[in-house]
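# Descriptive analysis of the structure
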Amino acid sequence: QLTTKEVLDHIQLGQSLKQKELSAINLANATLDQGDFVEAYLRRAVFTHASCQGTNFSGATLIFADLQSANLHSAILTNAVLTHAHLEKSNLQSMQARGAKLYGAFLEDAAGADAMMVEADCREATGIRSHFQSANGNSANFSRANFSQANFEAATLVRSQWHEAT
């Protein structure tokens, strides 16, 4: 497994981290903008306060990852697995998360205006006081989720499921 310094060197040099095993790596406070983590295995990885603007996490495994207060503006999370991931107070604005698995994820106070979450699995997620204005959640599944006090003003939620959600 690569060290934190090696990962940061890869990012700085524009090198891909595609399919790398990076479980439990600590990248807190790191600048990872435009990084390539496609299909990387990042179980329990720490990204608190990291800058991940435009970073590509497509198909990555981020189960139990800690992304609290991370800046994921315009990040690509297509088909990423974020089961039980911590995204509290994160900037998710304009993120591309088509088909992302956010089952049981923690999204309290997250800012996700203009996020693209078509077909995302948000079952049992918690997004109290989150903001998803003008987001696209078509065909997303929010069953048993708690998005009380959340703002979905002008969001598109056609065919989304909200069974037993609050």
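To start, this report covers the structure provided alongside it.

### Details of the overall build of the protein chain
Check the secondary structure of the protein chain and you find one helix and zero strands. Scaling as 2.2 N^0.38, a compact globule of 166 residues should have a C-alpha radius of gyration of about 15 Å, and the protein chain matches this with 15 Å. Seen through its principal axes, the protein chain has C-alpha atoms that stretch 45 × 20 × 20 Å. Per-residue burial over the protein chain gives 48% buried out of 166 residues. A separation threshold of at least 6 residues defines the contact pool for the protein chain, and within that pool the share at least 24 residues apart is 2%.

### Structural notes on the nonpolar core
Core analysis: the largest hydrophobic core is formed by 47 residues, its most contacted members being Phe-37, Leu-42, Phe-47, Phe-57, Leu-82 and Leu-87. Residues within four places of Phe-37 in sequence aside, it is in contact with Val-7, Ile-11, Leu-17, Leu-22, Leu-27, Leu-42, Thr-55, Asn-56, Phe-57, Ser-58 and Ala-60.

### Observations concerning unusual backbone geometry
With a phi close to 55 degrees, Glu-39 is a non-glycine residue in the positive phi region. Structurally, the position occupied by Glu-39 is in the segment after α1 (4-12). The partly exposed category is assigned to Glu-39, whose relative accessible area is 39%. The backbone of Phe-64 sits at a positive phi, close to 60 degrees, despite the residue not being glycine. Inspection of the secondary structure puts Phe-64 in the segment after α1. Judged by relative accessible area, which is 31%, Phe-64 ranks as partly exposed.

### What to know about the pattern of salt bridges
All chains considered together, the criterion is met by four salt bridges. Where Arg-123 meets Asp-121, a salt bridge forms, and the shortest distance between an N and an O atom there is 2.7 Å. What makes Arg-123 partly exposed here is its relative accessible area of 27%. Note that Arg-144 and Glu-124 form a salt bridge whose closest N and O atoms lie 3.1 Å from each other. Of the two residues, Arg-144 is situated in the segment after α1 and Glu-124 in the segment after α1; the sequence distance between them amounts to 20 residues. Judged by its relative accessible area of 39%, Arg-144 is partly exposed.

### Topic: α1
Every buried residue belonging to α1 is among Val-7, His-10 and Ile-11, and all of these are buried. In a view along the axis of α1, the buried residues occupy a sector of 100 degrees, so they form one face of it. Exposed positions of α1 whose direction lies more than 90 degrees from the buried face are Lys-5 and Gln-12.

### Structural notes on the side chain of Thr-55
Within the secondary structure, Thr-55 sits in the segment after α1. Apart from residues lying up to four places away in sequence, Thr-55 is in contact with Leu-32, Asp-33, Gln-34, Gly-35, Phe-37, Ala-75 and Ile-76.

### Details of the packing of aromatic side chains
For the structure on display, the rule yields eleven aromatic pairs. Centroid distance Phe-47 to Phe-57: 5.7 Å. Interplanar angle 90 degrees. Geometry classified as edge-to-face. With Phe-47 in the segment after α1 and Phe-57 in the segment after α1, this pair connects stretches of sequence that are ten residues apart. Under the relative-accessibility criterion, Phe-47 is labelled buried at 0%. Judged by relative accessible area, Phe-57 falls into the buried class, the value being 1%.

Procedures and definitions
Residues numbered from 1 in each chain as written. Predicted model: local features only at pLDDT ≥ 70, side-chain atom pairs only at ≥ 80, totals over all residues. Heavy atoms only, no water. Helix = DSSP H or I, 4+ residues; strand = E, 2+ residues; numbered from the N terminus. Rg over C-alpha atoms; globule rule 2.2 N^0.38 Å. Buried < 20%, exposed > 50% of the residue type's maximum accessible area, 1.4 Å probe, protein only. Contact = heavy atoms within 4.5 Å. Core = buried A, V, L, I, M, F, W, Y, C linked by side-chain atoms within 4.5 Å. Salt bridge = Lys/Arg side-chain N within 4 Å of Asp/Glu carboxyl O. Arc of directions from axis to C-beta. Phe/Tyr/Trp six-rings, centres within 6.5 Å; stacked < 30°, edge-to-face > 60°.

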